[in-house]
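# Results of the structural survey
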Amino acid sequence: MFDATNLDAWLNHIEVLHSKPIDMGLERMQTMIQRLGLDFSSQTVITVGGTNGKGSTCAMLESIYRAAGYTTGMHTSPHLIRLNERCVVNGREVSDECLIKAFREVEAARGEMTLSYFEYTALAILKIFLDAKLDVVILEIGLGGRLDAINCIDGNAAVIATIGVDHVAFLGHTREAIGFEKAHIYRSGCPAVCADPLVPSTVRDYVEKIGAVRRFANEDWRVTLKDNGCFTFSMGATLFDDLPEPALAGVNQYSNAGGVLAVVASLMGRVPVTQDDIATGLKTVRLTARFEHITDDPVPTIIDVGHNPQAAEVLFTNVIKSRQPNERMIAVVGMLADKDMAGVMHILADAFDEWHVASLTGPRAATADQLKAAMLEAGISSDVITTYDDVASALAGARREANLAKNSFQAGSDQNSTVRIVVFGSFVTVTAALEVFDREGIHR
């Protein structure tokens, strides 16, 4: 049986166990759950799915329940820098030693069975959560829902944050098809929350078919914004008034918060919280790379993991809404080749004045030239596009141009002009940028 004392060795072992990096299906996971005795019936489990907004939804749920004094576990994926990011217990990433201990138990239980990277790591994280005897366990679905490994765990409530067109090779090419896959995280008799205001008929039909408790945005619950940034949540007899603006940046966070509060209100009988707990959780929630301000060196710089058309719509709104008069916007972007590059660029074509385009690495990576072709198709002029071999070089180029623009503004007659950099396009892109910032001692 494999064994090692450092996390990197374990991850190298796990990566080569299975022939496919993504292998949809539940049989292996169900067998391993039985072997490891992963029974969460004494905990409150919340499952979180969706095309975009899953990470924000998980983070807000975790922050609210922790503010209320509950012990919490949160599984998210993918990670940006460290696998440990996927396993958060009581607000803190678990240690390498904790993960290695769980890996040893998975390794002993699997025998000759091969597991995908996601299955193996998810099983270890679930074992950590079970052993910690937590009050609330929040589980982000990895891909889709119906055949995702995490869907083997029954939740007491489930929320779909948004439904967009992504991962079409696995989930289908329409919102109806994708909604059908995602709806399978719902359970009979349990709250079935959908925060997307346009609920596909397949989701409606599945909720009715299994007898889940429907909780749909703008039908069963509603979020109302106020001029001062606060908002009100109402669902039946439940009213949370004058809640603070979520600490996560972006106009989409109100919608995500609505889905969160629909879950919280639905589970009051199991895990009650106060409005003060909710307010504290919303004010203190943190999540990397969701339109996140990371540094002001040399100019304000934002990172965002948006990588599909739905996320691009949100990014466009956030850029335009936050843009200052006479502000020059510089993009650093890299994408995966299996994403809708042309669709993303059509949406964002008018959001930026200058584009620094990076080639990514890995089997799914798009080259800078491939992405540039999609940008030209979207009507972006080649004069404002510069290509690079990697993200670090693209970021360096953007920072040089930003510095020149800033110095020019300060020396000339346009001293009220500003410049900002936005890094986006993929988790891979943001991870590479964060590694640059880490080397420079810039930490979030």
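No experiment lies behind these values; they were computed from the predicted model shown.

Definitions and limits used
- The numbers attached to residues start from 1 for each chain and follow its sequence in the written order.
- Reporting of local features is limited, given that this is a predicted model, to residues whose pLDDT is at least 70; pairs of side-chain atoms are given and counted only at 80 or more, and all residues count toward the totals for whole chains, interfaces and linings.
- Note: side-chain values were computed over all heavy atoms of the structure, leaving out hydrogens and water.
- Here, axes are lines fitted to C-alpha atoms. For helices the fit covers the stretch in contact, and angles between N-to-C directions go from 0 to 180 degrees.
- Only DSSP runs of H or I reaching four residues or more are called helices, and only runs of E reaching two or more are called strands; each is numbered from the N terminus.
- When an angle is under 35 degrees it counts as roughly parallel; over 145 it counts as roughly antiparallel; between 65 and 115 it counts as roughly perpendicular; any other value is oblique.
- With the far helix as reference, a near helix turned anticlockwise by less than a right angle produces a left-handed crossing, and one turned clockwise produces a right-handed crossing.
- Here, two residues are considered to be in contact whenever any of their heavy atoms come within 4.5 Å of each other.
- Just so you know the grouping, Ala, Val, Leu, Ile, Met, Phe, Trp, Tyr, Cys and Pro go in nonpolar, Asp, Glu, Lys and Arg go in charged, and all remaining residues, Gly too, go in polar.
- We count a salt bridge whenever a side-chain nitrogen from Lys or Arg sits within 4 Å of a carboxyl oxygen from Asp or Glu.
- Joining through side-chain atoms within 4.5 Å is the link that ties buried Ala, Val, Leu, Ile, Met, Phe, Trp, Tyr and Cys residues into a set, and such a set is a nonpolar core.
- Categorising residues by exposure relies on relative accessible area from a 1.4 Å probe, with only protein chains included: less than 20% of the type maximum marks a residue as buried, more than 50% marks it as exposed, and the intermediate range marks it as partly exposed.
- Think of it this way: DSSP has to see at least two bridges between two strands before they count as a pair.
- For the purposes of these results, a polar contact is taken to be a pair of N or O atoms within 3.5 Å, where, inside protein, one atom must be able to donate a hydrogen and its partner to accept one; residues adjacent in sequence count only when each atom of the pair is a side-chain atom.

## Considerations on the packing of helix 2 (residues 27-36) against helix 5 (residues 117-131)
Between two packed helices, both the angle of their axes relative to each other and the distance between the axes serve to describe the pair. At a minimum axis separation of 11 Å, helix 2 and helix 5 run at an interaxial angle of 30°. Taken together, the axes of helix 2 and helix 5 lie roughly parallel to each other. Considering how the two elements wind past one another, helix 2 and helix 5 form a crossing that is right-handed. Along the contact surface, helix 2 presents Arg 28, Met 29, Met 32, Ile 33 and Leu 36, while helix 5 presents Glu 119, Ala 122, Leu 123, Leu 126 and Lys 127. Classifying every residue of the contact of helix 2 with helix 5 gives seven nonpolar, no polar and three charged.

## Observations regarding the pattern of salt bridges
Applying the stated criterion across every chain, the model contains 21 salt bridges. A salt bridge links Glu 181 to Arg 146; its shortest N-O distance comes to 3.1 Å. With a gap of 35 residues between them, Glu 181 in helix 7 (residues 175-183) and Arg 146 in the loop between strand 5 (136-140) and strand 6 (157-160) connect regions that are remote in the sequence. Beyond isolated ion pairs, a larger network of salt bridges with shared partners links Lys 101, Glu 105, Lys 127 and Asp 131.

## A closer look at the nonpolar core
With 61 residues, the main nonpolar core has Phe 40, Phe 103, Leu 123, Phe 129 and Tyr 186 as its most contacted residues. Among the elements that take part in this core, helix 5 stands out by supplying 11 residues, more than any other. Not counting the four nearest positions on each side in its chain, Leu 123 is found in contact with Met 29, Met 32, Ile 33, Leu 36, Leu 38, Val 106 and Leu 115. Counting residues in hydrophobic clusters, the runner-up holds 41 residues, among them Ala 195, Val 223, Val 260 and Val 285.

## Focus: the sheet that holds strand 13 (residues 301-303)
What the six strands build is an open sheet, ordered 12-13-17-14-15-16; its pairing is mixed. At either margin of the open sheet sits one strand with a lone partner, and together these are strand 12 (292-295) and strand 16 (385-388). Across the sheet, the mean angle from the axis of one strand to that of its neighbour is 25°, orientation sign disregarded. Bridge count between strand 13 and strand 17 (residues 418-424): three bridges; the pairing is parallel. Residue pairing for strand 17: Ile 303 is matched across the bridge by Val 423.

## Looking at the pairing of strand 11 (residues 238-243)
As paired elements, strand 10 (residues 231-235) and strand 11 share four bridges and run antiparallel to each other. Each residue of the ladder has a partner; that of Met 235, found in strand 11, is Thr 238. Turn length for the strand 10-strand 11 hairpin, with the two strands adjacent in sequence and antiparallel, is two residues, and the turn residue Gly 236 shows positive phi of about 60°.

## Re the side chain of Glu 354
Relative to the elements of secondary structure, Glu 354 occurs in strand 15 (residues 354-358). Separated by 2.7 Å, the side chains of Glu 354 and His 356 make a polar contact. Residues contacting Glu 354, with those up to four places away along its chain left out, are Arg 328, Met 329, Ile 330, Ala 331, Val 384 and Glu 401.

## Quick look at the side chain of Thr 429
Relative to the elements of secondary structure, Thr 429 occurs in helix 15 (residues 427-439). In this view, Thr 429 contacts Val 333, Gly 334, Met 335, Leu 360, Val 391, Val 423 and Phe 424; residues no more than four positions away in its chain are not counted.

## Overview of the sheet that holds strand 7 (residues 191-194)
Spatially, eight strands are ordered 4-3-2-5-1-6-7-8 in an open sheet, and the strand pairing comes out mixed. Each edge of the open sheet carries a strand with a single partner, namely strand 4 (92-93) and strand 8 (213-216). Relative to the sheet, helix 9 (residues 253-266) contacts strand 1 (44-49), strand 6, strand 7 and strand 8, its axis offset from that of strand 7 by approximately 165°.

## A short note on the packing of helix 14 (residues 391-411) against helix 15
Two elements in contact, helix 14 and helix 15, have axes separated by 9 Å at closest approach and are oriented at 65°. With respect to helix 15, the axis of helix 14 lies roughly perpendicular. Like other packed secondary-structure pairs, helix 14 and helix 15 cross with a definite hand, here right-handed. Contacts between helix 14 and helix 15 involve Val 391, Ala 392, Leu 395 and Arg 399 on the former and, on the latter, Thr 429, Ala 432, Ala 433, Val 436 and Phe 437. Looking at the contact of helix 14 with helix 15, its residues break down into seven nonpolar, one polar and one charged.

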